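Structural overview for review
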Amino acid sequence: MRFLNLHGSIVDSWVEWAGASHSEHRLVLQVAPREHPRDLVIVEAETSLVPDSGWLEDLRSNLCHGSPVSAFGCLNRRGWLAASHLVLER
C-alpha cells in the first residue's frame, strides 16, 4: 500500500452516495497539489471526516473552490487518495 500526504487547493467537490442506504455518503475532492498544481488528485473521504455540516454543505454547493486542504491516506485501485484524515481551511 502506498501512503500519501497531500497539501493543495480544492478545485472541485461533490458528495456521492456510498452505500445501499441513503444515509451513507462520501465526499470527493479534486485537489491541485502545491508542488504540481496542474496534476489534479482525486481524494475520497467519508463525510464524517468533514468538521461540521456547514463545511459539508459548502463543499456540496461548490463554495470552497480554492480553499486549502490537507489529506492523508493511501492510494486505492483507481489511483485516488482514500483519505483517513482530512484538514479543511477557509
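Scroll up to find the structure this text is about.
Residues numbered from 1 in each chain as written. Predicted model: local features only at pLDDT ≥ 70, side-chain atom pairs only at ≥ 80, totals over all residues. Heavy atoms only, no water.

Attention now moves to unusual backbone geometry. Look at Asn62: it is not a glycine, yet its phi comes out positive at around 60°. Mapped onto the elements, Asn62 comes out in the loop between helix H1 (53–60) and strand S4 (68–75). (Helix = DSSP H or I, 4+ residues; strand = E, 2+ residues; numbered from the N terminus.)

Before going further, it helps to examine the side chain of Glu44. Within the fold, Glu44 resides in strand S3 (residues 41–46). For Glu44, a relative accessible area of 10% translates into the label buried. Setting aside chain neighbours within four positions, we find Glu44 in contact with Arg26, Leu27, Asn76, Arg78, Trp80, Leu81, Ala82 and Ala83. (Buried < 20%, exposed > 50% of the residue type's maximum accessible area, 1.4 Å probe, protein only. Contact = heavy atoms within 4.5 Å.)

These figures come from the coordinates and say nothing about function on their own.
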